[in-house]
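Residue-level structural notes
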Amino acid sequence: YMLIYATSTALSLPGGAALSITGGFLFGGLAGGLYVVIGATVGATLVFLAARTVLGDSLRSRAGPWFERMEAGFQANAFSYLLTLRLIPLFPFFVVNLVPAFLGVPLRTYMLATAIGIVPGALVFTFTGAGFGSVLDSGEGFSVSTVFTPEVIGALTGLGLLSLLPIIYRRWRAHAYSPRNRG
């Protein structure tokens, strides 16, 4: 499972959410979350290392206009900026895999911030899968009362909150950096 997840991430294939839900369904919320974090971190690290090699030029063009917007943040504090980008998905995952390599972020910093930053999202998705697994384990058919187990409600609430983070972050940033707040 982790090899499939790492390969999917390394190739920047869509479907990370579906793979994460499947991991939760197969292995449970916590174990599935651990496997997702390991697989995603390994896959992202492979992209990072490839971007530092001969493949870097062709991969850099794939990063597109996001490169310049991210450059200043990485230069200020690579770990904190990368952690924020992993926790609050402001940019596509594959772009956040590439840009740090082009900006000379140390491998250890990249791997640590990536692993920590993807934990909340991984757990939300794997607990969703585990919740669906508990519905099937109950032996009852699918209905509103059987589908909305505490695990599923908690995971869906977490997913909703996670999806609001980019909006909250952008509003906070706009307010914090507005001319009247600069003092």
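The preceding data block contains the structure.
Read on for a plain summary of the structure. Because the structure is a prediction, the values reported are computed rather than measured. Residue numbers here run from 1 along each chain, matching the order of that chain's written sequence. Reporting of local features is limited, given that this is a predicted model, to residues whose pLDDT is at least 70; pairs of side-chain atoms are given and counted only at 80 or more, and all residues count toward the totals for whole chains, interfaces and linings. Think of the side-chain values as coming from all heavy atoms in the structure, minus any hydrogens and water.

With that settled, the discussion passes to the overall build of the protein chain. Comment: elements are numbered from the N terminus, with helices defined as DSSP H or I runs of at least four residues and strands as E runs of at least two. Helix and strand counts for the protein chain stand at 11 helices and 0 strands. Helices and strands in the protein chain line up, N terminus first, as α-α-α-α-α-α-α-α-α-α-α. When checking whether two residues touch, look at their non-hydrogen atoms; a contact exists if any pair is within 4.5 Å. Counting only contacts in the protein chain whose residues sit at least 6 apart along the sequence, the fraction spanning at least 24 positions is 75%. Computed with the Shrake-Rupley method and a 1.4 Å probe, the accessible areas treat only the protein chains shown as cover for residues. Total accessible area on the protein chain stands at roughly 10000 Å², and carbon and sulfur atoms take up 68% of it.

Inter-axis angles, ranging from 0 to 180 degrees, are taken between N-to-C directions of lines fitted to C-alpha atoms, where helices are fitted over the stretch in contact. As a packed pair, helix 2 (residues 16–27) and helix 3 (residues 29–51) sit with axes 7 Å apart at the nearest point and diverge in direction by 135 degrees. The pairing of helix 2 with helix 3 is recorded here as oblique in orientation. In this structure, helix 2 meets helix 3 at a crossing whose hand is right-handed. Packed against helix 2, whose contacting residues are Ser20, Gly23, Gly24 and Phe27, the element helix 3 presents Gly29, Ala31, Gly32, Tyr35 and Val36 at the interface. In this classification, Asp, Glu, Lys and Arg are treated as charged, Ala, Val, Leu, Ile, Met, Phe, Trp, Tyr, Cys and Pro as nonpolar, and every other residue, Gly included, as polar. Among the residues forming the contact of helix 2 with helix 3, the class breakdown is 4 nonpolar, 5 polar and no charged. Should an angle fall under 35 degrees it is called roughly parallel, over 145 degrees roughly antiparallel, and 65 to 115 degrees roughly perpendicular, with every other angle called oblique. For any pair of crossing helices, the crossing counts as left-handed if the nearer helix is rotated counterclockwise from the farther one by less than a right angle, and right-handed if it is rotated clockwise.

Take Gly131: it is sitting in helix 9 (residues 119–137). For the exposure calls, accessible area comes from a 1.4 Å probe over protein chains only, and a residue counts as buried if that area is under 20% of its type's maximum, exposed if over 50%, partly exposed in between. Classification of Gly131 by relative accessible area gives buried; the value is 0%. Along the chain, Gly131 and Ile21 lie 110 residues apart, while their C-alpha atoms are 9.5 Å from each other.

You can see Arg86 is positioned in helix 6 (residues 78–87). Given the relative accessible area of 8%, Arg86 is considered buried. Within polar-contact distance, the side chain of Arg86 engages the side chain of Asn97 at 2.7 Å. Residues in contact with Arg86, not counting those within four places in the same chain, are Ala44, Phe93, Val96, Asn97, Tyr110, Ala113, Thr114, Gly117 and Ile118. Two N or O atoms form a polar contact when they lie within 3.5 Å of each other; inside protein one atom must be a possible hydrogen donor and the other a possible acceptor, and for residues adjacent in sequence the pair counts only when both atoms belong to side chains.

Only Phe, Tyr and Trp rings are paired, with Trp represented by its six-membered ring, and only when their centres lie within 6.5 Å; those with planes under 30 degrees apart are stacked, over 60 edge-to-face, the remainder tilted. Under the criterion given, the structure shown has 4 aromatic pairs. Judged by centre distance (5.3 Å) and plane angle (65 degrees), the rings of Tyr1 and Phe27 are edge-to-face. Of this pair, Tyr1 sits in the segment before helix 1 (2–10) while Phe27 is found in helix 2, placing the two residues 26 residues apart along the sequence. For Phe27, a relative accessible area of 36% corresponds to the partly exposed category. Seen in terms of ring centroids, Phe27 and Tyr35 are 5.0 Å apart; in terms of plane orientation they differ by 85 degrees. Their pairing is edge-to-face.

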